[in-house]
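Examination of the molecular architecture
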Amino acid sequence: MKLTQGTFSFLPDLDDQQIRSQVEYCLQNGWAVSIEYTDDPHPRNSYWEMFGTPMFDIRDAAGILTELRACRQTFPEHYIKLNAFDSTHGRESLRLSFIVGRPAREPGFRLERQEGAGRAVRYTTHSYSTDRPEGERY
Amino acid sequence: MPVASGGIHAGQMHQLLHYLGEDVVLQFGGGTIGHPMGIAAGAAANRVALEAMVLARNEGRDIWNEGPDILVKAARHCAPLRAALDVWGEITFNYESTDTPDFVPTATAAA
Amino acid sequence: MNASLNPQQGVSEAETLDLDAAFRDSHVGDVLEGLDRELVGLAPVKSRIRDIAALLLIDRLRRDLGLSAGAPSLHMSFTGNPGTGKTTVALRMAQILHRLGYVRKGQLTAVTRDDLVGQYIGHTAPKTREVLKRAMGGVLFIDEAYYLYRPENERDYGQEAIEILLQVMENQREDLVVILAGYPDRMSTFFRSNPGMSSRIAHHIEFPDYTPDELAAIARLMLERMQYRLSPAADVAFREYIERRKGRPHFANARSVRNALDRARLRQASRLLSRDDRGAVSRNDLMTLEAADIRASRVFSDVENTT
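Computed from a predicted structure; not experimentally measured. For every chain, the first residue of the written sequence is number 1, and numbering continues from 1 onward in sequence order. Starting at A for chains and at 1 for ligands, labels are handed out in the order in which the entities are written. The predicted origin of the model limits local features to residues at a pLDDT of at least 70 and limits the giving and counting of side-chain atom pairs to 80 or more, whereas totals for whole chains, interfaces and linings rest on all residues.

**A closer look at the overall build of chain C**
Heads up, the rule is: The numbering of helices and of strands both runs from the N terminus, where a helix is a DSSP run of H or I of at least 4 residues and a strand a run of E of at least 2. For this measure, only C-alpha atoms enter the radius of gyration; the expected value for a globule follows 2.2 Å times N^0.38, where N is the number of residues. Our exposure labels follow a C-beta count within 10 Å of each residue's own C-beta, placed from the backbone: buried means 20 or more other C-beta atoms, exposed means 12 or fewer, and partly exposed covers the counts in between. Any residue pair is listed as a contact if its two C-beta atoms, each placed from the backbone, are within 7 Å.
From N to C terminus, chain C includes 15 helices and 7 strands. Taking 307 residues into account, the globule formula puts the C-alpha radius of gyration at 19 Å, and chain C, at 25 Å, lies well above it. Across its three principal directions, the C-alpha atoms of chain C cover 90 × 60 × 35 Å. Within chain C, the proportion of its 307 residues that are buried is 31%. Restricting to contacts in chain C with at least 6 residues of sequence separation, those with at least 24 account for 78%.

**Brief notes about the overall build of chain B**
Scanning chain B for helices and strands turns up 5 helices and 2 strands. The secondary structure elements of chain B, listed N-terminal to C-terminal, are β-α-β-α-α-α-α. Over its C-alpha trace chain B gives a radius of gyration of 18 Å, far above what one expects of a compact globule, namely 13 Å for 111 residues. Projected onto its principal axes, the C-alpha positions of chain B cover 65 × 30 × 25 Å. Buried positions account for 36% of the 111 residues belonging to chain B. Put simply, 53% of the contacts in chain B that link residues at least 6 apart link residues at least 24 apart.

**Structural notes on the arrangement of the chains**
Counting contacts across all 2 pairs of chains found in contact, the highest total belongs to chains A and C. With no contact between them, chain B and chain C keep their nearest C-alpha atoms 16 Å apart.

**Here's the deal with the nonpolar core**
Threshold: By convention in this section, buried Ala, Val, Leu, Ile, Met, Phe, Trp, Tyr and Cys residues joined through C-beta atoms within 7 Å make up a nonpolar core.
In terms of nonpolar packing, the biggest core is built from 100 residues, with A49, M53 and L81 of chain B together with L97, V139 and I179 of chain C touching the most fellow members. If one sorts the elements of this core by residue count, helix α3 (residues 39–59) of chain B sits on top with 10 residues. Those residues in contact with V139 of chain C, other than ones at most four positions away along the chain, are M93, A94, L97, V103, L108, V177 and I179 of chain C.

**Observations regarding unusual backbone geometry**
Residue and element names in this part refer to chain C. Of note, the phi angle at L42 is positive, near 55°, even though the residue is not glycine. Inspection of the secondary structure assignment puts L42 in the loop between α2 (28–38) and α3 (43–64). Here L42 falls in the buried class, since 23 other C-beta atoms lie within 10 Å of it. At Q227, a position not held by glycine, the phi torsion is positive, near 60°. As for its placement among the helices and strands, Q227 is situated in the loop between α10 (212–226) and β6 (229–230). The exposure class assigned to Q227 is exposed, which follows from the 8 C-beta atoms found within 10 Å.

**Side note on the interface of chain A and chain C**
Short version of the rule: Each residue is assigned to one class: nonpolar for Ala, Val, Leu, Ile, Met, Phe, Trp, Tyr, Cys and Pro, charged for Asp, Glu, Lys and Arg, and polar for all the others, Gly among them.
On the side of chain C, 10 residues touch chain A, which itself brings 8 residues to the contact. For the side of chain A that touches chain C, a count of residues per class yields 2 nonpolar, 2 polar and 4 charged.

**Thoughts on the sheet that holds strand β3 (residues 79–86) of chain A**
Residues and elements named next belong to chain A. The criterion, for reference: Two strands pair under a simple rule: DSSP has to find at least two bridges between them. A fitted line through C-alpha atoms serves as each axis, taken over the contacting stretch for helices, and the angle formed by two N-to-C directions is quoted from 0 to 180°.
Here 4 strands make up an open sheet; going across it, the order is β2-β1-β3-β4 and the pairing antiparallel. Unpaired on one side and paired on the other, β2 (49–55) and β4 (93–101) mark the two borders of the sheet. Sheet twist, expressed as the mean angle between neighbouring strand axes with direction ignored, is 20°. For β3 and β4, the ladder comprises 7 bridges, and the chain directions are antiparallel. Residue pairing across strands places I80 opposite G101, the latter belonging to β4.

**Some words on the interface of chain B and chain A**
Interfaces are often sized by the accessible area lost when the parts come together. Every contact between the two is made by 10 residues of chain B and, on the other side, 8 residues of chain A. Tallied by class, residues from the side of chain B that touches chain A come to 5 nonpolar, 2 polar and 3 charged.

**Details of α3 of chain B**
The criterion, for reference: In this analysis, the expected span of each helix is defined as 1.5 Å times one less than the number of residues it contains.
Its 21 residues place the ends of α3 of chain B 31 Å apart at the C-alpha level, agreeing with the 30 Å of an ideal helix rising 1.5 Å per residue. Counting buried positions along α3 of chain B gives 15 out of 21 residues, so the element sits mostly inside the fold.

**Some remarks on helix α6 (residues 124–135) of chain C**
Helical periodicity: at 3.6 residues per turn, an α-helix aligns residues three or four positions apart in one direction. Taking 1.5 Å per residue as the helical rise, α6 of chain C with its 12 residues ought to reach 16 Å, and the 17 Å between its terminal C-alpha atoms agrees with that figure. All of the buried residues along α6 of chain C are T124, K127, T128, L132, K133, R134 and A135 of chain C. Those residues of α6 of chain C that are buried are in contact with α2 (61–74) of chain A together with β2 (108–111), α5 (113–116), β3 (139–143) and α7 (158–171) of chain C. A positive backbone phi angle near 90° is found at G137 of chain C, which sits one or two residues after α6 of chain C.

**Some points on the sheet that holds β2 of chain C**
All names here are of chain C. On the basis of which strands lie adjacent, the open sheet formed by 5 strands has the order β2-β3-β4-β1-β5 and parallel pairing. Across the chains shown, the open sheet's two edge strands, defined by having one partner strand only, are β2 and β5 (203–207). Between one strand and the next, the sheet's axes are offset by a mean angle of 20°, whatever the strand orientation. In this sheet, strand β4 (residues 177–182) lies alongside strand β1 (residues 76–80) in parallel orientation, the contact comprising 4 bridges. In the strand pairing of β4, S77 is matched with L180.

**Observations regarding the confidence of the model for chain C**
The criterion, for reference: For every residue, the predictor reports its confidence as pLDDT, a number between 0 and 100.
Confidence in the prediction of chain C, expressed as mean pLDDT, is 85, and 94% of residues score 70 or more. Long-range and interchain partners of residues 1–10 of chain C, a stretch whose pLDDT sits below 50, account for 8 contacts in this model, where long-range means more than four residues apart.

Right under this line is the structure:
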């Protein structure tokens, strides 16, 4: 079940050339690109781990792709995404965030129901991968 | 923030992105619910169309002119989008304004 | 049906291309002219840049015809005595290569050994890789590159930095151009002990010492920029100064010229302040360096020079 978080997640996985074009677009706009990874795909997990530091002073996509290659080598079975941060006054937020790496098998989510007082049901999603401890999920 | 709503559909995504940019609320009502494959398929079609268009725009392509090609190419990987383009692809907003008079003045007793 | 016309290429074997037109359309001419105008001397450098520019043009035409030979290796090594323009040319090389279309972004990242080598184990690789990341798309200029290699100190991590550089210089030629610079004898020792580095450098460019005429021309350019001028007598005196200074130890070519001019400005200032008619100093007076300002130098008064 392909994780559909972030931009371009409904399209087929981007190849390196497409990723490079997107990174060039971000750099042309002066956004700082950073790489994050995680093995907990829950949609409410907004705190992925950052790989290295946000790359504020990179001029060319080649530098960022080198970093991405290193991240893929270190974490071949984690979700990896690229973020582009726009620091202009009044915005100071992410402009683009898309997944660039996925584990080979994505087991997906199940719906959990919690019955409360008066049979009121509360729903959450639960990721099958988090049944296993960190490091053994994928 | 601009909001677009009212008869917009996935086949116009290049025009919507061109005119309104990316800081916009796009409300596809009929364009989602009226999808032949169901509402979920309608949502997926709209999302795929939007993502494909943003991808192309970021790469520097001319989405105004190449928009229809981009959509057709994206539809190859997405059956809902293909269906949406088949059903609504021909619909544009080029029609006579509703303000145009739809009668011919005829002579009356008063004139 | 013309069998020799390949629809992919559009130009058959027999057709001719107009190189003059292509030269005019590119900006190669402007770049070369700017170089000639703003840098004095440096004949081997300019000739090599001219060759690289010509290759770029031909490469482009070949690519238009569907012939491709891959990115040429542009890594360079600049050797020469102090003050011969190595850093100045490196700064311009990034601009030039960018205008010629060889590097994508054209920024210059100037580093020395300390920016690449770490202080403890495991420190060097991330440090070097960070620098390389920033430099990609432009030119990496490593000044005094021989300090990277310190075989006498076994706790030195320079070798690691060299290895990472070698890998990037070989595998990411289209992303980065590396320029090493330093004094000739030390650079040749460095290359002898690191044949891998030497073989990856396509262009070994020497920066010869400037001739007295060239030094005088450099002085003239510097003075123009500083908005000073030499009086005719001062001009003669300065030529003499250059001839004498050249033979003395620690001569640093253009840098020595600049220092000499700065000292002359000092003396001019003192001279103006100790004039009798201080109340009537003209603009000309403020701009002109007189022979006395030059001849006060030790170079003229020391009859014998001792090392």
